[in-house]
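# Structural features, examined
Here's the letter readout for the chains.
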Amino acid sequence: MRYYSLNQNAPDVTFQEAVVRGIAPDRGLYFPREIPRLPASFWNSLNTMAVTELALELMRPYAGESIPNEALSAMLAETLSFDFPLVELAPGLYSLELYHGPTMAFKDVGARFMAHCLGYFSRDSDREVTVLVATSGDTGGAVARGFLGVPGVRVVILYPEGKVSEVQERQLTTLGQNITALRIKGSFDDCQRMVKEAFLDADVAGARQLTSANSINVARWIPQMLYYVLAYRSLGPKAGRPVFSVPSGNFGNICAGMLAHKMGLPCRQFLAATNANDTVPRFMSGQQYEPHSSVATISNAMDVADPSNFVRVLQLFGNHFPELAAVLTSKSYTDEQTREAMRTLYGTYGYVADPHGAVGYLGLAEYLETHPGGPGIFLETAHPIKFMPEVERCLGITLELPPQIKEVMNKVMHAIPVAGYAQLKSFLLETE
Ligand SMILES: *Cc1c(COP(=O)(O)O)cnc(C)c1O
């Protein structure tokens, strides 16, 4: 598979080069030259295949030339070594729980897969790779955990001070070793801007081999398609085509779902549910694509005003709006609606959702009102414990700490304050 830059002004590269570079020299996101379509026989026989086997079938076209099957299969087995349960709340209404990994948010899969790829690619190089990543909450923790102790890789994480939950902050500031957290006074978009600036800075590029672990990296983005395939496999072949409602921020997750659909995964519709950061819902309602500045919400991992992956969503449909609009619906919900949804889920189904999953549920519930029939799945992207104060206050309950979280709550946090790009640059150029 070759990958090209969506800005059309850089040479095509292999999977390995796309992963190591993160972003193309012309600042474009990498996109696969072809999207293979798998036959109906594949989709009909998912439940006869082991998870690793079907993951290999799906990922091989994207990574195969850079990673031999045997190594790829081992990486996928490690990446997918926890459960992705599809929980039925009522007939036809499902929560797809993507939070059973080490940091309890769905980003574990992409982060772990990318860590394995980089570890594999740098196996016989002595040049250290610096992974630079901006986080709105969950990416940082997942990336930190995924890369902890990987030889030859240093990880630098930027997060907006005071805008991530306590659990999230602990997960990204307590690991030490090859992981450094930088706290930024500003928003996630500011962090993302500083990361992009570092990538374009010739001084930094000359001194460091930089790569990004944000969802713009193809190794993080593409494996997320597996969630949708695993959900379809859990439904079973007789359930019909599902609707997927995806709580969306940077639009990497939903874009991966739509990639699976392009590969032949049967589904009825994709719903991109957002919080007050409603750039895409406004665009899908026929207005201009016009990002405002980002707004802080209780579903903070989605506080993104200018979602990086949306250009990929457009590209999947050849930038043809009517084709996109036939498959994608996008709606925005307020924090008040989100709390109400958490109470409904708890009161009606006895189900404790986190604020992100609740936004997904809102999108699904609204869609099913006018489009009943067929299974509806919302993605529950984080364990409620990651947003403990909000969930406990909203539902009047006390949550139990899962072991993965207990472990980080007692550790000492360490983060370096960074005031602007100049400071980030000198930090990156310092020898450690
Ligand atoms: C990152 C994140 C999202 C948003 O996913 P995108 O791929 O950025 O759209 C939603 N929920 C949670 C809990 C997240 O961590």
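Data block above holds the structure.
Values in this document were obtained by computation on a predicted structure and should not be read as measured data. (Residues numbered from 1 in each chain as written. Predicted model: local features only at pLDDT ≥ 70, side-chain atom pairs only at ≥ 80, totals over all residues. Heavy atoms only, no water.)

## Digging into the packing of helix 8 (residues 188-200) against helix 20 (residues 421-429)
In the contact formed by helix 8 and helix 20, the axes pass within 10 Å of each other and the chain directions differ by 55°. Here helix 8 lies oblique to helix 20, going by the angle between them. Crossing geometry of helix 8 relative to helix 20 is assigned as right-handed. Judged by residue contacts, Met194, Glu197 and Ala198 of helix 8 engage Tyr421, Leu424 and Leu428 from helix 20. Residues that form the contact of helix 8 with helix 20 fall into these classes: five nonpolar, no polar and one charged. (Axes fitted to C-alpha atoms, helices over the stretch in contact; angles between N-to-C directions. Helix = DSSP H or I, 4+ residues; strand = E, 2+ residues; numbered from the N terminus. Parallel < 35°, antiparallel > 145°, perpendicular 65-115°, else oblique. Left-handed = near helix turned anticlockwise from the far one by under 90°. Contact = heavy atoms within 4.5 Å. Nonpolar A, V, L, I, M, F, W, Y, C, P; charged D, E, K, R; others polar.)

## With respect to the packing of helix 6 (residues 138-147) against helix 7 (residues 166-173)
One way to put it is that helix 6 packs onto helix 7 with a least axis distance of 8 Å and a crossing angle of 30°. With respect to their mutual orientation, helix 6 and helix 7 come out roughly parallel. Relative to helix 7, the crossing made by helix 6 is left-handed. Side by side, helix 6 and helix 7 meet where Asp138, Gly140, Gly141 and Ala144 of the first sit next to Gln168, Gln171 and Leu172 of the second. When the residues that make up the contact of helix 6 with helix 7 are grouped by side-chain class, the tally is two nonpolar, four polar and one charged.

## With respect to the packing of aromatic side chains
For the structure on display, the rule yields 18 aromatic pairs. Measuring from ring centre to ring centre gives 5.0 Å for Phe82 and Phe84, while their planes differ by 40°; the resulting arrangement is tilted. With respect to burial, Phe82 and Phe84 carry one shared label: buried. Joined through ring pairs, the aromatic side chains of Phe251, Phe283, Tyr289, Phe310 and Phe321 make up one cluster. A cation over a ring is seen here: Arg123 above Tyr120, with NZ or CZ 4.0 Å from the ring centre. (Phe/Tyr/Trp six-rings, centres within 6.5 Å; stacked < 30°, edge-to-face > 60°. Buried < 20%, exposed > 50% of the residue type's maximum accessible area, 1.4 Å probe, protein only. Lys NZ or Arg CZ within 6 Å of the ring centre and 35° of its normal.)

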